[in-house]
Amino acid sequence: MSPRVGLVLGSGGARGLAHIVVLETLDRLGIRPVQITGTSIGAILGAAYASGVSGAELRAHVLRDFRDRTDVMTRLFQARIGRITDLWKGGLGNPVLVDAEGILERFLPKPLPHRFEDLTIPLSVVAADFHRLDRVVFTSGALAPAVAASMAIPGLVKPVVFDNHVMVDGGAVDPLPVRAITAEVDLILAIDVSRAAAREESAKIPTAIETGFRVYDLMQAALADAQAAANALPIRRLKAPVEGFNALDFFAAKKILAASEGLAGAVESILAQG
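The structure displayed is predicted, hence computed values, not measured ones.

About the cut-offs
- Residues numbered from 1 in each chain as written.
- Predicted model: local features only at pLDDT ≥ 70, side-chain atom pairs only at ≥ 80, totals over all residues.
- Heavy atoms only, no water.
- Helix = DSSP H or I, 4+ residues; strand = E, 2+ residues; numbered from the N terminus.
- Buried < 20%, exposed > 50% of the residue type's maximum accessible area, 1.4 Å probe, protein only.
- Salt bridge = Lys/Arg side-chain N within 4 Å of Asp/Glu carboxyl O.
- Axes fitted to C-alpha atoms, helices over the stretch in contact; angles between N-to-C directions.
- Contact = heavy atoms within 4.5 Å.
- Nonpolar A, V, L, I, M, F, W, Y, C, P; charged D, E, K, R; others polar.

*Asks:* Can you explain the side chain of Asp174? Please cite residues and give values.
*Replies:* Mapped onto the fold, Asp174 is located in the loop between strand 6 (165–169) and strand 7 (187–192). The class of Asp174 is buried, set by a relative accessible area of 1%.

This is how it looks when you write it as structure tokens:
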């Protein structure tokens, strides 16, 4: 009998494309998770998979989508908010920010179902409440706003107002959402893509954007370590070998997937043990 698997898909930006290898492996083994939890890129791919998009379809879509840099930049430009003149004005305008739901509409292989209840696999999505400084787990109701909230990286993606609360990227509070698994499971398969590679020391001062993302990577990796260590559930944590990639390296999709192929054997071994 196949084990009852709870699947945890962590945050890490483009490094999260490694999740696709895991999804393909589950498909090949004929194992359907009893619950999926996801944060940020994990929430995006988890929602698509739970709606019926296969791992193979996700791979084909990603490789096709990020092959044409001009097309990607055009779609990002269409999803942005604000105007260039906002750079010289006060207030909240920021022409660099993009709208998360606009990103989902333009980059997923098909539209998400309207509600969590329409998914074929139960899904939990983690976001952070900006004002209450709190972790929020969405399991029901409108799906796209919850996924959009989970991926709202501060400074890059516009925060999402959901039920009168301002939500931002769930990676700030729970980058590997093991605690969001609530179903009865035999094991939890947690895929950690939070960690970026260490670098040689240098006196060169990084840019503001590079600093922000590097510190965010550091914070997420530390949180993932602490939360996984404190959990008493039967966790099998796999750290995807994608440390050499940055959070925004989506144009390296083919290389990220190639670097992640070893996850397939690791997943097979874990599931064979039960």
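*Asks:* Please set out the environment of Met167 residue by residue, giving values where relevant.
*Replies:* Relative to the helices and strands, Met167 resides in strand 6. Separated by 38 residues in the primary sequence, Met167 and Asp129 place their C-alpha atoms 4.7 Å from one another.

*Asks:* So, unusual backbone geometry: which residues are in play, and what are the values?
*Replies:* Of note, Ser40 is a non-glycine position whose phi angle comes to about 60°, a positive value. Along the chain, Ser40 turns up in the loop between strand 2 (35–39) and helix 2 (41–50). Phi at Leu133 is positive, roughly 55°, even though this residue is not glycine. With respect to the helices, strands and loops of the structure, Leu133 is situated in the loop between strand 3 (123–129) and strand 4 (134–138).

*Asks:* So what's going on with the pattern of salt bridges? Residues and values would help.
*Replies:* Side chains that differ in charge, positive against negative, can pair when their charged atoms come close. In this structure the tally under the stated criterion is 11 salt bridges. For the salt bridge of Glu261 with Arg59, the shortest nitrogen-to-oxygen distance reads 2.8 Å. On the criterion of sequence distance, the pair formed by Glu261 in the loop between helix 8 (253–259) and helix 9 (262–273) and Arg59 in helix 3 (residues 55–65) is long-range, its members being 202 residues apart. A relative accessible area of 19% places Arg59 in the buried class. A salt bridge links Arg237 to Asp192; its shortest N-O distance comes to 2.7 Å. Separated by 45 residues along the polypeptide, Arg237 in strand 8 (residues 235–239) and Asp192 in strand 7 bring together distant segments of the chain. Accessibility expressed as a relative area gives 26% for Arg237, which makes it partly exposed. Three or more residues joined by partner-sharing salt bridges are found here, namely Arg4, Glu184 and Asp186.

*Asks:* Just give me the short version of the packing of helix 1 (residues 19–29) against helix 3, but keep the residues and values in it.
*Replies:* Axis separation between helix 1 and helix 3 bottoms out at 7 Å; the angle between their running directions is 145°. Residues Ile20, Val21, Leu23, Glu24 and Asp27 of helix 1 pack against Gly55, Ala56, Leu58, Arg59 and Val62 of helix 3. Taken together, the residues of the contact of helix 1 with helix 3 sort by class into six nonpolar, one polar and three charged.

Shape descriptors only; they carry no functional weight alone.
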